Amino acid sequence: MIKLSVNLNKIALIRNSRPGNYPDVIAHARTCLAAGADGITVHPRPDLRHIRPHDVHQLGVLIRDHPRIEFNVEGNPFEASREHYPGLLALVEQTRPHQCTLVPDSTEQLTSNHGFDITVAGNRLQPVVARLQAQGVRVSLFMDPDIEQIELAAQLGVDRIELYTGPYAEHCRKSPARGETLFTRYREAAECALALGLGVNAGHDLNLDNLERFVALPGLREVSIGHALIVDALAMGLTQAVQAYKARLSSRVRM
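Predicted model, so just to flag it, every value in this text is computed and none were measured. Within any chain, residue numbers begin from 1 and follow the written order of that chain's sequence. Only residues with pLDDT of at least 70 get local features here, since the model is predicted, and only at 80 or more are side-chain atom pairs given and counted; chain-wide, interface and lining totals rely on the full set of residues. Remark: hydrogens and water are excluded; side-chain values derive from all non-hydrogen atoms of the structure.

### What to know about the overall build of the chain
So, step 1. The secondary structure listing takes helices from DSSP runs of H or I that are at least 4 residues long and strands from runs of E that are at least 2 residues long, numbered from the N terminus. If you tally the helices and strands in the chain, you get 11 helices and 8 strands.
So, step 2. Computed over C-alpha atoms, the radius of gyration of the chain comes to 17 Å, within 12% of the 18 Å expected from 2.2 N^0.38 for 255 residues, which places it in the range of a compact globule.
So, step 3. Over its C-alpha atoms, taken along the principal directions, the chain stretches across nearly 45 × 45 × 35 Å.
So, step 4. Counting only residues that meet the buried cut, the chain has 54% of its 255 residues in that class.
So, step 5. Put simply, 72% of the contacts in the chain that link residues at least 6 apart link residues at least 24 apart. As a reference, a globule follows 2.2 Å times the number of residues to the power 0.38, and the radius of gyration itself is taken over C-alpha atoms. Burial classes follow relative accessibility: with a 1.4 Å probe on protein chains only, a residue under 20% of its type's maximum area counts as buried, one over 50% as exposed, and anything between as partly exposed. The criterion used for residue contact is that any of the two residues' heavy atoms lie within 4.5 Å.

### Re helix H3 (residues 53-64)
So, step 1. Its 12 residues place the ends of H3 17 Å apart at the C-alpha level, agreeing with the 16 Å of an ideal helix rising 1.5 Å per residue.
So, step 2. All of the buried residues along H3 are Pro-53, Asp-55, Val-56, Leu-59, Gly-60, Leu-62 and Ile-63.
So, step 3. If you follow the buried residues of H3, they end up packed against helix H1 (9-15), helix H2 (25-34), strand E2 (39-42), strand E3 (70-75) and helix H4 (88-95). Multiplying 1.5 Å by the helix residue count minus one yields the expected span of that helix.

### Some points on helix H7 (residues 166-174)
So, step 1. Every buried residue of H7 is accounted for by Gly-166, Tyr-168 and Ala-169. The arc that holds the buried residues of H7, viewed along the axis, is 165 degrees, so those residues lie on one side.
So, step 2. Looking at the buried side of H7, the elements it contacts are strand E6 (160-164), helix H8 (176-195) and helix H9 (211-214). Note that the arc is defined by the directions from the helix axis to the C-beta atoms.

### Some points on the packing of aromatic side chains
So, step 1. By convention, a stacked pair of Phe, Tyr or Trp rings (six-membered ring in the case of Trp) has centres within 6.5 Å and planes under 30 degrees apart, an edge-to-face pair has planes over 60 apart, and any other such pair is tilted. Counted by the stated rule, this structure contains 6 aromatic pairs.
So, step 2. Considering the side-chain rings of Phe-183 and Phe-214, the 5.9 Å spacing of their centres and the 80 degrees angle between planes classify their relative orientation as edge-to-face. With Phe-183 in helix H8 and Phe-214 in helix H9, this residue pair connects regions lying 31 residues apart in the sequence. By the burial criterion, Phe-183 is buried, and Phe-214 matches it.
So, step 3. The rings of Tyr-168, Phe-183, Tyr-186 and Phe-214 are connected pair by pair, giving a single aromatic cluster.
So, step 4. Positioned above the aromatic ring of Phe-78 is the side chain of Arg-124, whose terminal nitrogen or guanidinium carbon lies 3.9 Å from the ring centre. Only when the NZ of Lys or the CZ of Arg is both within 6 Å of the ring centre and within 35 degrees of the ring normal is a charge said to sit over the ring.

### A short note on the pattern of salt bridges
So, step 1. Whenever a carboxyl oxygen of Asp or Glu lies within 4 Å of a side-chain nitrogen of Lys or Arg, that contact is scored as a salt bridge. Tallied over the full model, the rule gives 9 salt bridges.
So, step 2. Among the salt bridges present, the one from Arg-15 reaches Asp-55, with a minimum N-O distance of 2.7 Å. In this pair, Arg-15 is assigned in helix H1 and Asp-55 in helix H3, connecting sequence segments 40 residues apart. The same class applies to Arg-15 and to Asp-55, which are both buried.
So, step 3. Between Glu-170 and Arg-173 there is a salt bridge, with its nearest N and O atoms 2.3 Å apart. Residue Glu-170 and its partner Arg-173 are located together in helix H7, separated by 3 residues, close to a single helical turn.

Set out below in structure tokens:
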């Protein structure tokens, strides 16, 4: 069964547009869990545009009361700490999520848009991986479907990779045939990761339409979905949206 981890960044983005705590991120996390979500994902950024450090702490407390639920904290480990942002590694060590997904995004980026280049970042990443694993945190690297890069990632000793699915989603929007062509690259990347002993996660711009094919990815363990799920929730309600994504994940397409 592929796990659904709901990314709550967009809930926090709406909250931050006004003073106060409305909508309440923690209350919406509870709704997602009650609807059947398998995990919660957040991606705190140094500019505090959406999820903020206190959210990460509160969600960590919430999930400790749900032993079957996983907490995934994403971010760039190399972004410097700021006045109200302690840095990703400090935040992870304070909250001890089940998984930390390392992402090579800068504060200036609107959203994550590429995976790591291990030939450039590998030497800096290796001690980060070891540091997080020493805290009992599973480490996943945000990666493009590039076999050479995935092979280098395995040499760092990471536990999983998260395949960046933005290009796949874009191709699917243009035509099913183009999406199918690119899916072949993701399948080959997943097969490579599995052969190297890596777990496979995926995320970015996945939605109810393009998931129908993507659930056939070999060995896929978890998808992290936020933007599309929250948009769908505007029309169908949050509980119903979570349940719709869970249903899509439970029906694998034959290869």
